[in-house]
Amino acid sequence: NKNYEMIETSVKGQVGLIELNRPKVLNALNRQMVSEVLSAMEAYDENADIKVIILAGKGRAFAAGADIDEMMDADAVSMETLNQFTDWDRLAWIKKPVIGAVHGFALGGAFELALCCDMLFAAENAEFGFPEVNLGVMPGAGGTQRLTKLVGKTKAMEWILSGKRISAKDALHHGIINSTFAEEVLMEETLKFADTIANQAPIAVRLIKESILKAVDYPLYEGMQYERKNFYMLFATEDQKEGMRAFKEKRKPDFKGK
Ligand code: CAA
């Protein structure tokens, strides 16, 4: 029930939707918008009726990057003092699956925001990229790290050093996005997929997300131990009993999130 100015939120069944909403400037991410996105994500994360979060953009783009107007006159001391990108670390603490639905441009900071999502569905017209080098700067909200971990050094160097755009087709080929759809059906298809996850056992979903994210940070052995503990943990849930009993009884499970 917050009065957001830079985003729009709406609930579709068990799915919480967040839409970036400054279409006149292609949803350029200013500090207020990022702060509203973080608040809305955290509110959905705490709301037991919401199972999955979708992040999208209104107008003709997902977003064209950080707000250049807000940054152009900054100096290093004010950037360091403000240290605005540390706020983005809060995205890593969201426990529910976050799906990005990207159409049009997802550039610079907006590509970084997209890379913070757990999965990305994109319109065929989606274009990703890090144009920061053209502005005399570089990605600063995770781009050099997240893209490199995702696609490896070779393509990350090529794309970030040249600033050239990545088509939805190339993004799919390199595993940056999960699927592409015609723009008209992108939201419908993303919601359909989100619904599938929303009907799974919530604690299993939560521990699966947590464990997969550990694979990015942890060495294999530590990651495997983490996974194993989570697997054992799930035998403390009623949903594990329900899921396995339903299988034996040849019926659909009715998961309760307990
Ligand atoms: N910041 C502020 N305003 C922006 C913006 C941005 N990142 N991107 C677009 N806009 C504004 C434009 O200035 C324009 O406003 P006016 O109508 O007042 O002129 C409006 O949005 C529409 O944009 P265009 O007329 O440029 O639209 P286009 O279709 O011709 O071009 C575009 C689209 C190629 C995306 C082009 O707008 C563009 O290159 N934008 C900047 C992209 C960019 O460099 N992003 C990286 C920002 S730095 C960053 O993100 C740092 C980080 O790591 C966090």
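- In the annotation of an unreviewed UniProt entry, the protein is listed under the name Enoyl-CoA hydratase and assigned to Mesobacillus selenatarsenatis.
- Comment text from UniProt for the protein, heading Sequence similarities (unreviewed entry), reads "Belongs to the enoyl-CoA hydratase/isomerase family."

Observations concerning helix α5 (residues 143-151)
Because the α-helix completes a turn every 3.6 residues, residues three or four places apart line up on one side.
So, step 1. Those residues of α5 lying buried are Gly143, Leu147 and Val151. For α5, the angular spread of the buried residues around the axis is 20 degrees, confining them to a single face. Turned more than 90 degrees from where α5 packs its buried face, Gln145 and Lys149 sit exposed.
So, step 2. In the core, the buried residues of α5 are packed alongside α4 (109-115) and α6 (153-162).
So, step 3. Within two residues after α5, Gly152 carries a phi angle of roughly 90 degrees, on the positive side.

Notes on the layout of surface pockets
Vacant regions in the atomic arrangement are exposed by a probe of water-molecule size rolled over the atoms.
So, step 1. Quantified by volume, the largest pocket comes out at close to 1200 Å³.
So, step 2. As for the largest pocket, its lining consists of 34 residues, and the residues nearest its centre are Asp118, Lys209, Ile212, Leu213 and Val216.
So, step 3. Sorting the residues of the lining of the largest pocket by element identifies α4, β6 (119-123), α5, α8 (186-198) and α9 (202-217) as the ones contributing at least two each.
So, step 4. A per-element tally of the lining of the largest pocket places α9 first, with 10 residues.
So, step 5. Of the residues in the lining of the largest pocket, the class split is 20 nonpolar, five polar and nine charged.
So, step 6. Taken together, 23 residues line the second largest pocket, and the ones lying closest to its centre are Met71, Glu132, Leu135, Val137 and Met138.
So, step 7. At the level of elements, α2 (68-71) and α4 are the ones that each hand at least two residues to the lining of the second largest pocket.

Thresholds, definitions, all that
Residues numbered from 1 in each chain as written. Predicted model: local features only at pLDDT ≥ 70, side-chain atom pairs only at ≥ 80, totals over all residues. Heavy atoms only, no water. UniProt positions renumbered as here; feature names shortened; annotations may be inferred. Buried < 20%, exposed > 50% of the residue type's maximum accessible area, 1.4 Å probe, protein only. Helix = DSSP H or I, 4+ residues; strand = E, 2+ residues; numbered from the N terminus. Arc of directions from axis to C-beta. Contact = heavy atoms within 4.5 Å. 1 Å grid on protein atoms, 1.4 Å probe; cavity = no way out; pocket = protein on both sides within 12 Å on 5 of 7 lines; lining within 4 Å. Points joined across faces, edges and corners; volume = space filled by probe spheres on them. Nonpolar A, V, L, I, M, F, W, Y, C, P; charged D, E, K, R; others polar.

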